[in-house]
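Residue-level listing of the chains:
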Amino acid sequence: MSREPKGYVPLSRSEYDTLKHQLSKLLFTEHAPVIIPGEAILGIEAVAAGISAPGRTILNVVTGPYGSLFGKWLERGGATVAQVAVPFDEVITAEAILAAIKKHKPCALSFVQAEVVTGGSNPAREILKIARDFDLITVMDSVSAVGGEALPVDEWGVDFAAIGAQKALAGPNGVSAVSVSLRGWEFLESNPHAPRNSILSLLDLKPDGNGTAPVRVPPNIPALEARALISALTLVEEEGLERVIRRHELAAASAIAGIRALGLVPWQKDSRFYSTLTTTVRISGKPGLLIDQPVGIVAPGDGELFGQLLRINHFGANACRPSVEEAVRTLARLLSQEPEHAIAAVSQVWGDEVDR
Ligand SMILES: *Cc1c(COP(=O)(O)O)cnc(C)c1O
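Residues numbered from 1 in each chain as written. Predicted model: local features only at pLDDT ≥ 70, side-chain atom pairs only at ≥ 80, totals over all residues. Heavy atoms only, no water.

1. Brief notes about the overall build of the protein
- Secondary structure summary: the protein contains 11 helices and 10 strands in total.
- Across its three principal axes, the protein shows a C-alpha extent of roughly 70 × 65 × 35 Å.
- For the protein, the proportion of its 356 residues judged to be buried stands at 55%.
- By sequence separation, contacts in the protein at least 24 residues apart represent 68% of the contacts at least 6 residues apart. (Helix = DSSP H or I, 4+ residues; strand = E, 2+ residues; numbered from the N terminus. Buried < 20%, exposed > 50% of the residue type's maximum accessible area, 1.4 Å probe, protein only. Contact = heavy atoms within 4.5 Å.)

2. A few points about the sheet that holds strand E9 (residues 298-300)
- In spatial order, the strands read E8-E10-E9; together these three strands make up an open sheet with antiparallel pairing. The outermost strands of the open sheet, each flanked by one partner alone, are strand E8 (278-282) and E9. Averaged over all neighbouring strand pairs, the angle between strand axes comes to 30 degrees, with direction disregarded.
- Of the strand pairs in this sheet, E8 and strand E10 (residues 309-313) are connected by five bridges, and their pairing is antiparallel. Looking across to E10, one finds that Thr279 is bridged to Ile312.
- Set on the sheet, helix H9 (residues 241-261) makes contact with E8 and E10; between it and E8 the angle comes to about 20 degrees. (Pairing = 2+ DSSP bridges. Axes fitted to C-alpha atoms, helices over the stretch in contact; angles between N-to-C directions.)

3. Some details on the UniProt feature "binding site: substrate" (unreviewed entry) in the protein
- When the UniProt feature table is mapped onto this chain, "binding site: substrate" (unreviewed entry) is found at Arg311.
- By relative accessible area, Arg311 is classed as buried at 9%.
- The contact partners of Arg311, leaving out residues within four places of it in the chain, are Val116, Val117, Thr278, Thr279, Thr280, Ile297, Val298, Ala299 and Asp302. (UniProt positions renumbered as here; feature names shortened; annotations may be inferred.)

4. Some remarks on empty space enclosed by the protein
- For the structure shown, the criterion picks out three cavities of 30 Å³ or more.
- The calculated volume of the largest cavity comes to roughly 90 Å³.
- Lining of the largest cavity is provided by 13 residues; of these, Ile44, Phe70, Phe111, Val139 and Asp141 occupy positions nearest its centre.
- For the lining of the largest cavity, the secondary-structure elements that each account for two or more residues are helix H2 (40-51), helix H3 (65-76), strand E4 (108-112) and strand E5 (137-141).
- Of the residues that constitute the lining of the largest cavity, the class distribution is nine nonpolar, three polar and one charged.
- Size it by volume and the second largest cavity reaches roughly 40 Å³.
- In terms of lining, the second largest cavity is formed by Leu23, Leu26, Ile163, Gly164, Ala165, Leu169, Val175, Ser176, Ala177, Leu229 and Leu233.
- Put simply, the parts of the chain that give the lining of the second largest cavity at least two residues each are helix H1 (13-27), strand E7 (176-180) and helix H8 (223-239). (1 Å grid on protein atoms, 1.4 Å probe; cavity = no way out; pocket = protein on both sides within 12 Å on 5 of 7 lines; lining within 4 Å. Points joined across faces, edges and corners; volume = space filled by probe spheres on them. Nonpolar A, V, L, I, M, F, W, Y, C, P; charged D, E, K, R; others polar.)

5. A word on the layout of surface pockets
- The volume enclosed by the second largest pocket comes to roughly 280 Å³.
- If you trace the second largest pocket, you find 15 residues lining it, with Ser121, Asn122, Pro123, Glu149 and Arg272 closest to the centre.
- Looking at the lining of the second largest pocket, the element that brings in the most residues is helix H5 (residues 124-133), giving three residues.
- Residue classes in the lining of the second largest pocket are distributed as seven nonpolar, four polar and four charged.
- Two domains each provide a minimum of three residues to the lining of the second largest pocket, namely domain 1 (13-209 + 220-238) and domain 2 (241-350). (Domains from an automatic or database assignment.)

6. Regarding the pairing of strand E3 (residues 80-85)
- Of the pairings in the sheet, the one linking strand E2 (residues 57-62) to E3 comprises six bridges and is parallel in character. If you follow Ile58 over to E3, its bridge partner there is Val81.

7. Structural notes on the nonpolar core
- Ranked by size, the top nonpolar core spans 46 residues in total, and within it Leu19, Ile97, Leu109, Met140 and Ile163 carry the most contacts.
- A total of six residues in this core trace back to one element, the largest contributor, which is H8.
- Counting residues in hydrophobic clusters, the runner-up holds 31 residues, among them Leu42, Phe70, Val180 and Leu188. (Core = buried A, V, L, I, M, F, W, Y, C linked by side-chain atoms within 4.5 Å.)

8. Thoughts on the site of the ligand
- Every residue lining the ligand is accounted for by Glu39, Ile41, Ile44, Tyr66, Val112, Ala114, Val116, Asp141, Val143, Ser144, Gln166 and Lys167.
- A distance of 2.6 Å separates an oxygen atom of the ligand from a polar side-chain atom of Glu39.
- Interatomic distance of 3.3 Å between a side-chain N/O atom of Ser144 and an oxygen atom of the ligand.
- Isolated, the ligand exposes 380 Å² of accessible area, and the fraction of that covered by the protein chains is 87%.
- Looking at the shell around the ligand, its residues break down into seven nonpolar, two polar and three charged. (Near = heavy atom within 4 Å. Polar contact = N/O pair within 3.5 Å; in protein donor to acceptor, adjacent residues only side chain to side chain. Areas by Shrake-Rupley, 256 points an atom, 1.4 Å probe, with all protein chains shown as cover.)

Set out below in structure tokens:
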């Protein structure tokens, strides 16, 4: 008779190794990302705390609410924060980044890759290239971008990339990761203000530098969440990361086609920078769209964007044709329109792609 262990079983060595391997593969990095024992926002706050110090000037890009928050955490750490912001219906341009770097001469640059709240996606590859030209340490909040667009960490030379699984990867929100480059570790180690013996300390989580395996699985990793993340990443591997990204691209393109067929206008101004995770719809002049509760994946704007836009949250498991169709039906109903022509526009984008 086999004896199954009952109840909570600690994370095994092989589960831990699997998760580390899956995360490295997902991010195309040879440096195993640090597993953050909590929601993605913890990893982002830990990066801010670890890099900020009096005497350091950091250029922080604000294209949505997470960027503002990051700037406040940097200020708390004593850094001089140079901020470059755009209206939330735009993304940042490479030219604006270049001008701000020349003006402020920062040692590091932080930005959000894709914004679910505004529906915009920043030109990450160009921004990182400029940052490398000026030898800046780079921080990218890729929590919503991962699985929705390209994120080759080593190729792009990102020093800190924060990710979570709860958006495009359809995974749990209770454990997350930050990938840190060798330069990134040096930047933390050279900062006497970087937290130690703290939930915000990345240095406390640093793997041994000599390449030897840790003696035991870090005890702070939440085992159930880690198992859920392994399952989610296994599904991503089975589908193929490229196909997951493709599914998000189609969801976004079909949502845009659907809302345009209904006579609606995307909130984001420039179609080159639509996020693949959410489509944001301008409310202006359409009082029927003033909802205060989500209807399926159609949700009111967050914070200051309430009343200005609606979000279609077509990410993760909802990056599929039926979910986008349902959202377009919801919008048609709010506008008292027949949905058929808009549904046809959605279908046309998915074309012959297998329904998912
Ligand atoms: C979702 C998200 C996070 C994590 O935020 P939670 O509200 O904690 O889920 C961080 N940054 C960005 C850009 C996100 O989209």
